[in-house]
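# Structure assessment
Each chain, written out:
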Amino acid sequence: PSEKGWLVSQIYQFQGRWHTEALLQGILTCQKHFEAKDSDIILVTNPKSGTTWLKSLLFALINRHKFPVSSGDHPLLVTNPHLLVPFMEGVYYESPDFDFSLLPFPRLMNTHISHLSLPESVKSSSCKIVYCCRNPKDMFVSLWHFGKKLAPQETADYPIEKAVEAFCQGKFIGGPFWDHVLEYWYESRKNPNKVLFVTYEELKKQTGDMVKRMAEFLGCGFTAEEEVSEIVNLCSFESLSSLEINRQGKLPNGIEINAFFRKGETGGWRDTLSESLADAIDRTTEEKFGSSDNVQKIKQ
Ligand code: A3P
């Protein structure tokens, strides 16, 4: 089934999730053609949950011997992270014949695909998944501003109240947000060697420790502490967002690169959401996640 959506004229439901037509096509091609390898690393997020940041951190981390961060000509200084780490369903939509086997090893890719809809080989191989979750209010607000920047005319007449309602009902790009998070959360509990679950908020609070945790999980732990801080600094919001290559230009799909760098904060939802809209999202979070201490933290 399809429905009129915010930002796009129609969104389509497939395997319990709502997608734009383009991404749905990409997901179907991905399910059909993508062959995972045991050495693959797949970064999974809901949109606007820290994908750009994680792409940079993971790229710098796994390639640190090939591209020493201190060298001054690191790829992240001259190329936007989205061009270094391919977005699986996006690439398959734009170029259905794209040959993923040509990527350098270990292959690092990202996707927003739900666990249920992942290509079979991703589930059956020993590839690793790093999942990053973000506070749903910050994620919603980030996507709201992203849409307004990219398509000011199409989004102008759509009230935020209606968008929050659609978000809470799950009828939002990639939604329901909560089901996506829960699926990967359970997988990370069931199979901790395969799925590492991290949050944008803990990455913000203790970036270095989280980089070390991701390195351990990927089997490439650190010996030198200064390597960790070099990666943290290279990939910080301040550093990446001030680079000329991230301030201008467009991705091949037409998205303006600087739209991926807005504020890079936690709790910034307060500037955009009224109390009642924040309450509506909190209520949905409690309905979906229960009211544990962790869930109380999400309300902050
Ligand atoms: P805000 O809109 O709240 O500022 P994604 O990369 O998944 O599209 O998410 C984009 C969000 O991540 C935006 O959030 C953006 O500012 C933030 N972001 C981008 N690069 C970042 C970085 N290096 N560190 C922290 N946050 C970053």
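To be clear, the structure that these remarks concern was listed above.
Rules used in this analysis
Residues numbered from 1 in each chain as written. Predicted model: local features only at pLDDT ≥ 70, side-chain atom pairs only at ≥ 80, totals over all residues. Near = placed C-beta within 6 Å. Helix = DSSP H or I, 4+ residues; strand = E, 2+ residues; numbered from the N terminus. Nonpolar A, V, L, I, M, F, W, Y, C, P; charged D, E, K, R; others polar. Buried ≥ 20, exposed ≤ 12 C-beta atoms within 10 Å, placed from the backbone. Pairing = 2+ DSSP bridges.

## Some words on the site of the ligand
- Close to the ligand lie 21 residues; Thr-51, Thr-52, Ser-142, Arg-262 and Gly-264 are nearest.
- Within the residue set of the shell around the ligand, elements represented by two or more residues are helix H2 (51–62), helix H7 (136–150) and helix H14 (237–242).
- For the shell around the ligand, the residue count by class is seven nonpolar, ten polar and four charged.

## Quick notes on the pairing of strand S4 (residues 41–45)
- By the criterion of burial, S4 is predominantly enclosed, with five of the five residues buried.
- Neither face of S4 is left uncovered, since the one carrying Ile-41, Leu-43 and Thr-45 and the one carrying Ile-42 and Val-44 both have all their residues buried.
- Pairing analysis gives five bridges linking S4 to strand S6 (residues 128–133), with the strands arranged parallel. Among the inter-strand pairings, Val-44 is bridged to a residue of S6, identified as Tyr-131.

## Considerations on unusual backbone geometry
- Note that the residue after Phe-105, namely Pro-106, is joined by a cis bond; omega there is -10°.
- Within the fold, Pro-106 resides in the loop between helix H5 (88–94) and strand S5 (108–111).
- Of the consecutive residues Gly-175 and Pro-176, the connecting peptide bond is found in the cis state with omega at -5°.
- Residue position: Pro-176 is located in the loop between helix H9 (160–169) and helix H10 (177–190).
- At Gln-15, a residue that is not glycine, the phi angle is positive and equals roughly 50°.
- Relative to the assigned elements, Gln-15 resides in the loop between strand S2 (11–14) and strand S3 (17–19).
- A positive phi angle, close to 65°, is found at Lys-48, a residue other than glycine.
- Here Lys-48 shows up in the loop between S4 and H2.
- Residue Lys-48 is classed as buried on the basis of its 24 C-beta neighbours within 10 Å.

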